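These are the residues of each chain, in order.
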Amino acid sequence: MCLAVPGKIDSVTDRDGTLMAVVDFGGIKKDVCLQYIPDAQVGQYVVVHVGFAIQRLDEESAMRTLREFEHLGVLEEEFGDGFELAARQAGLANPNG
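Residues numbered from 1 in each chain as written. Predicted model: local features only at pLDDT ≥ 70, side-chain atom pairs only at ≥ 80, totals over all residues. Heavy atoms only, no water.

Asker: I'd love a proper account of helix H1 (residues 59-72), names of residues and values included.
Answerer: Residues three or four positions apart in an α-helix share a direction because the helix packs 3.6 residues into each turn. Between its first and last C-alpha, H1 extends 20 Å over 14 residues, near the 20 Å set by a 1.5 Å rise per residue. Those residues of H1 that fall on the buried side of the exposure criterion are Ser 61, Ala 62, Leu 66 and Phe 69. End-on, the buried residues of H1 take up no more than an arc of 130°, which puts them together on one face. Within H1, the exposed residues directed more than 90 degrees away from the buried face are Glu 60, Arg 67 and His 71. (Helix = DSSP H or I, 4+ residues; strand = E, 2+ residues; numbered from the N terminus. Expected span 1.5 Å × (residues − 1). Buried < 20%, exposed > 50% of the residue type's maximum accessible area, 1.4 Å probe, protein only. Arc of directions from axis to C-beta.)

Now the structure itself:
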């Protein structure tokens, strides 16, 4: 499953003509394309789907959603080490560890 996840913009850069950002998803940081929201700024919250920021979100809503995702284990499933997660679910040792 692929979710849209809220995150906070830490930095914005132009990478080879593409507007990119480092976005913090509750402690997990990923590169995100800002082309759909080119006026997004550092400190704002955005909803990210498959690596693209698709809309802005207020801080309260973002934090509430991140807390719920964390509680449900969604952030680990979405951003964690897929090999480690699969090994744990199968009762095996982590192939990367």
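Here the narrative resumes.
Asker: Talk me through the nonpolar core; I want residue IDs and the actual numbers.
Answerer: Counting 18 residues, the largest nonpolar core has Val 5, Ile 9, Val 23, Leu 34 and Val 46 as the members making the most contacts within it. Counting residues per element, the ones that place at least two in this core are strand S1 (4-15), strand S2 (18-25), strand S4 (45-49), H1 and helix H2 (74-79). By residue number, the principal contributor to this core is S2, which donates four residues. (Core = buried A, V, L, I, M, F, W, Y, C linked by side-chain atoms within 4.5 Å.)

Asker: How would you summarise the pattern of salt bridges if you had to cite specific residues and measurements?
Answerer: Tallied over the full model, the rule gives four salt bridges. In this structure, the salt-bridge partner of Asp 10 is Lys 29, at a minimum N-O distance of 2.9 Å. With Asp 10 in strand S1 and Lys 29 in strand S3 (residues 28-33), this pair connects stretches of sequence that are 19 residues apart. One salt bridge connects Asp 39 with Arg 56, and the closest N-O pair in it is separated by 2.4 Å. Of the two residues, Asp 39 is situated in the loop between S3 and S4 and Arg 56 in strand S5 (residues 52-57); the sequence distance between them amounts to 17 residues. (Salt bridge = Lys/Arg side-chain N within 4 Å of Asp/Glu carboxyl O.)

Asker: An account of the side chain of Ser 61 is requested, with residue identities and associated values reported.
Answerer: As for its placement among the helices and strands, Ser 61 is situated in helix H1. By relative accessible area, Ser 61 is classed as buried at 16%. A polar contact of 2.9 Å, which involves the side chain of Ser 61, links it to the side chain of Asp 58. (Polar contact = N/O pair within 3.5 Å; in protein donor to acceptor, adjacent residues only side chain to side chain.)

Asker: So what's going on with a nonpolar patch on the surface? Residues and values would help.
Answerer: On the surface, Tyr 36, Val 50, Phe 52 and Ile 54 cluster together to form a nonpolar patch covering roughly 400 Å² of accessible area. Given a relative accessible area of 43%, Ile 54 falls into the partly exposed group. (Patch = residues over 30% accessible without salt bridge, like charges linked within 9 Å, V, L, I, M, F, W, Y side chains within 5 Å. Areas by Shrake-Rupley, 256 points an atom, 1.4 Å probe, with all protein chains shown as cover.)

Asker: Got a sec to walk through the environment of Ala 4? Specific residues and values, please.
Answerer: Inspection of the secondary structure assignment puts Ala 4 in strand S1. Since its relative accessible area comes to 35%, Ala 4 is described here as partly exposed. Remark: the alpha-carbon pair of Ala 4 and Gly 51, spanning 47 residues in sequence, is separated by 9.2 Å.

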